[in-house]
Amino acid sequence: MSLLKAFLFSLLTLMVCNLLLVIILYVSFGRFDDIISIFTAGATTSLIYNLFCSMGHAIWLTVDRIAYQIVNDNLFSLFSILIILVAPLIAAIVAGRVGEKRIHSFFGVFLTSLVSMTVSLILIFNSVSYQIIITSEFLGSGALFIVVGGSLLNGLIFGLLAFFTTKRK
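Below or above, wherever it landed, is the structure these notes cover. Since the model is a prediction, treat every value here as computed from it, not as a measurement. (Residues numbered from 1 in each chain as written. Predicted model: local features only at pLDDT ≥ 70, side-chain atom pairs only at ≥ 80, totals over all residues. Heavy atoms only, no water.)

Points about the nonpolar core
- Of all hydrophobic cores here, the largest spans 16 residues; its most connected members are Tyr49, Cys53, Leu123, Ile124, Ile134 and Val147.
- Contributions of two or more residues to this core are made by α1 (2-28), α3 (44-52), α6 (102-126), α7 (128-135) and α8 (143-164).
- Examining the composition of this core, we find that five residues originate from one element, α6, more than from any other.
- Not counting residues within four places of it along the chain, the set of residues in contact with tyrosine 49 comprises His57, Leu123, Tyr130, Ile133 and Ile134. (Core = buried A, V, L, I, M, F, W, Y, C linked by side-chain atoms within 4.5 Å. Buried < 20%, exposed > 50% of the residue type's maximum accessible area, 1.4 Å probe, protein only. Helix = DSSP H or I, 4+ residues; strand = E, 2+ residues; numbered from the N terminus. Contact = heavy atoms within 4.5 Å.)

Brief notes about the packing of aromatic side chains
- Counted by the stated rule, this structure contains six aromatic pairs.
- Taking 5.2 Å as the distance between ring centres and 80° as the angle between the ring planes, the aromatic pair formed by phenylalanine 29 and phenylalanine 76 counts as edge-to-face. Here phenylalanine 29 is found in the loop between α1 and α2 (32-39), whereas its partner phenylalanine 76 is found in helix α5 (residues 75-98), with 47 residues between them in sequence.
- A centroid spacing of 6.4 Å and a plane angle of 55° characterise the contact between phenylalanine 29 and phenylalanine 79, whose relative ring orientation is tilted. Here phenylalanine 29 is found in the loop between α1 and α2, whereas its partner phenylalanine 79 is found in helix α5, with 50 residues between them in sequence.
- On the basis of relative accessibility, which here comes to 36%, the residue phenylalanine 79 falls in the partly exposed class.
- Connected via pairs of aromatic rings, a cluster forms that spans Tyr26, Phe29, Phe76 and Phe79.
- Sitting above the plane of the phenylalanine 76 ring, arginine 31 keeps its charged end 3.8 Å from the centroid.
- One Lys or Arg, arginine 102, reaches over the ring of phenylalanine 163 and ends 5.5 Å from the middle of that ring. (Phe/Tyr/Trp six-rings, centres within 6.5 Å; stacked < 30°, edge-to-face > 60°. Lys NZ or Arg CZ within 6 Å of the ring centre and 35° of its normal.)

Some words on the pattern of salt bridges
- All chains considered together, the criterion is met by one salt bridge.
- Glutamate 100 is the partner of lysine 5 in a salt bridge, and the nearest nitrogen-oxygen pair spans 3.4 Å. With lysine 5 in helix α1 and glutamate 100 in the loop between α5 and α6, this pair connects stretches of sequence that are 95 residues apart.
- We classify lysine 5 as partly exposed; its relative accessible area is 32%. (Salt bridge = Lys/Arg side-chain N within 4 Å of Asp/Glu carboxyl O.)

Right under this line is the structure:
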């Protein structure tokens, strides 16, 4: 039961943090049309991407993108990429605090990473634009490896963070 609780809290926190941080980012930069386009009927893939796919991005590409945006002084893109790191971080801390055992917190976040990987794979198989957004590659150039390897590495990193933030042994 504790594993299920850690998983559900981690998944719910990831979804809420992703959506809330994206809305805050768009509002702070005055892009109100983008907020509306996330929720419109034709853009359900955009909503699914904003809810689930932050742990589907490979962490080495995320760090590379952050460095690129810092050098090019693009503040909006920098903050949108930081959401990819901040939302799973908050989800891992919440799962660590909710989990009754350390191993349950770890596997709760790891299962969240697997859900994010599955949704990311569905999106990259459906749309070339999401292949480029998530992996910066086309499917033939290793996008599958980037999503699977990156999600497993994210699950390990954020799962260990949840493991070490758990109160109980």
